[in-house]
Amino acid sequence: MRSRSENPFQNARLLAAGLALAALTCATSAQADDTQAKSLLKAMSDYMAAQDAISFEYDTSLEVVTKQKQKLALASSGAVKLNRPDKLNVTRQGGFANVEIVFDGKTLSILGKDANLYAQTEVPGTTDQLIDALRDKFHRPLPAGDILMSHPYDALMSEVTDVKDLGSGVIRGEECDHLAFRTKEGVDWQIWIAQGQNPYPCRYVVTSTKVAGFPQYTIDIRSWKAGADVAAGDFSFKAPDGAQKRDLSKLPDADELPEIFSMK
């Protein structure tokens, strides 16, 4: 039993020190096999590109660093169903919002279920074009949007300057290949790819190295299905009874960063 005089944060400090030492050891002794890492990422990309239908559930953690230098993690969960080339349905539920995104190849619909508010806008094209528009035009990036592109390798590797193969890791009992990448834009990212015949992404972590506190975005993927295993989906949108339509720019809490957090 811990004595009452023991500092309750002593174990945390010791763990942090151990992690720092482990990171230093890794940095000085590990030999990065970038060819193998690129090959594993390309195999995942090719597998993803070959799937006409994909579905999975996910959990995310979005870290926010306050002006007082406190790091907070905002958690949410949801589900994704994608039918190439132009159908997508995404749900996300967190502590601040309960959102559904529907795309039928022509129209993007976003529903705030708790507020019973929705927005619609024309975005004709493929799911790749939708993912780009959500990030660049509407500033509402899709969870794991990069790895949902039809050719994830091209999207992920465009700014990469350093590659490491960190060996095996286990995510929810699934043995994975663990890869780490650095980019010239101040972003580090890691990915864990399931080993075997279905090399799907099990975990994807993005770290902002130019932001104080190095906040991370993490998405864990579970209940993965692809091809014929994916149940038929309905990608039509019908506004619920009593729902009010808003302009997309005025739809509250439709992305993962709640409005109570300012980017200033």
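The structure presented is a predicted model; accordingly, all values stated were derived computationally and were not measured.

(A) Spatial organisation of the overall build of the protein. For the protein, the count of helices and strands is 5 helices and 12 strands. For the protein, with 264 residues in total, the buried portion stands at 41%. Long-range pairs, those at least 24 residues apart, make up 50% of the contacts in the protein with a sequence separation of at least 6. Counting only carbon and sulfur atoms, one obtains 50% of the accessible surface of the protein, whose full area is about 14,800 Å².

(B) Seen up close, helix H2 (residues 34-49). The terminal C-alpha atoms of H2 lie 22 Å apart, and with 16 residues this matches the ideal 22 Å at 1.5 Å per residue to within 8%. Among the residues of H2, those classed as buried are Ala-37, Leu-40, Leu-41, Met-44, Ser-45, Tyr-47 and Met-48. Along the axis of H2, the buried positions cluster into a sector of 165°, meaning they face one direction only.

(C) Examining the side chain of Glu-100 more closely. When you line up the elements, Glu-100 lands in strand S4 (residues 98-103). Looking at Glu-100, the relative accessible area reads 18%, which means it is buried. With residues up to four places along the chain from it excluded, the contact list for Glu-100 reads Asn-89, Val-90, Thr-91, Ser-109, Ile-110, Leu-111 and Lys-113.

(D) A look at the pattern of salt bridges. Scanning the entire structure with this criterion turns up 12 salt bridges. In this structure, Arg-222 engages Glu-57 in a salt bridge whose closest nitrogen and oxygen atoms are separated by 2.4 Å. One end of the pair, Arg-222, is in strand S11 (residues 216-226); the other, Glu-57, is in strand S1 (residues 53-65), with 165 residues separating them in the sequence. With relative accessibility at 33%, the residue Glu-57 sits in the partly exposed group.

About the cut-offs
- Residues numbered from 1 in each chain as written.
- Predicted model: local features only at pLDDT ≥ 70, side-chain atom pairs only at ≥ 80, totals over all residues.
- Heavy atoms only, no water.
- Helix = DSSP H or I, 4+ residues; strand = E, 2+ residues; numbered from the N terminus.
- Buried < 20%, exposed > 50% of the residue type's maximum accessible area, 1.4 Å probe, protein only.
- Contact = heavy atoms within 4.5 Å.
- Areas by Shrake-Rupley, 256 points an atom, 1.4 Å probe, with all protein chains shown as cover.
- Expected span 1.5 Å × (residues − 1).
- Arc of directions from axis to C-beta.
- Salt bridge = Lys/Arg side-chain N within 4 Å of Asp/Glu carboxyl O.

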